[in-house]
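# Structure assessment
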Amino acid sequence: NNVEYLAAGFTASGAPYYRASSSSVFIYWDPDCNGGGAPARWIADSDEPSTTASSDLDGDGSCTYYARIDSDDSSSPPLGTSTWRVVCSGSFIANDLTLALPSPPP
């Protein structure tokens, strides 16, 4: 919905994380969202990620968030249109999300 995310910092793995300019929603890469061997993924969540933890960056001991896409690439969330798993009425559904770099100023 045309939400702008701004670079907010880096996590302990060196991956960047982003914060929505108009809300407290973060996008970050978590190598293991529950600390128990979950696949690496990019996550959209209301919890700001830890910059010191090596896994379970929101510290909740589970994989609870708004949306995710599995990825071993920690350098950037996938640009272009990709299918993310998004929470809708308590269940995960497949939803295409488009991420793009901001347009340069005129």
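Scroll up a little and you will see the structure.
Residues numbered from 1 in each chain as written. Predicted model: local features only at pLDDT ≥ 70, side-chain atom pairs only at ≥ 80, totals over all residues. Heavy atoms only, no water.

### Let's talk about unusual backbone geometry
The residue Asp-56 is not glycine, and still its phi comes out positive at about 45°. Note on placement: Asp-56 falls in the loop between β4 (41-45) and β5 (67-70). We classify Asp-56 as buried; its relative accessible area is 12%. (Helix = DSSP H or I, 4+ residues; strand = E, 2+ residues; numbered from the N terminus. Buried < 20%, exposed > 50% of the residue type's maximum accessible area, 1.4 Å probe, protein only.)

### Observations concerning the side chain of Thr-11
With respect to the helices and strands, the residue Thr-11 is situated in the loop between β1 (5-10) and β2 (16-20). When sequence neighbours within four positions are dropped, the list of residues in contact with Thr-11 reads Tyr-17, Pro-49, Ser-50, Thr-51 and Leu-57. (Contact = heavy atoms within 4.5 Å.)

### Here we look at the pairing of β4
For β4, the buried fraction is high: five of the five residues fall into the buried class. Where burial is concerned, the two faces of β4 agree: the one with Arg-41, Ile-43 and Asp-45 and the one with Trp-42 and Ala-44 are both buried. Here strand β3 (residues 26-30) runs beside β4; their pairing, made up of five bridges, is antiparallel. What sits directly across from Tyr-28, in β4, is Ile-43. (Pairing = 2+ DSSP bridges.)

Interpretation in functional terms is not warranted from these geometric data alone.
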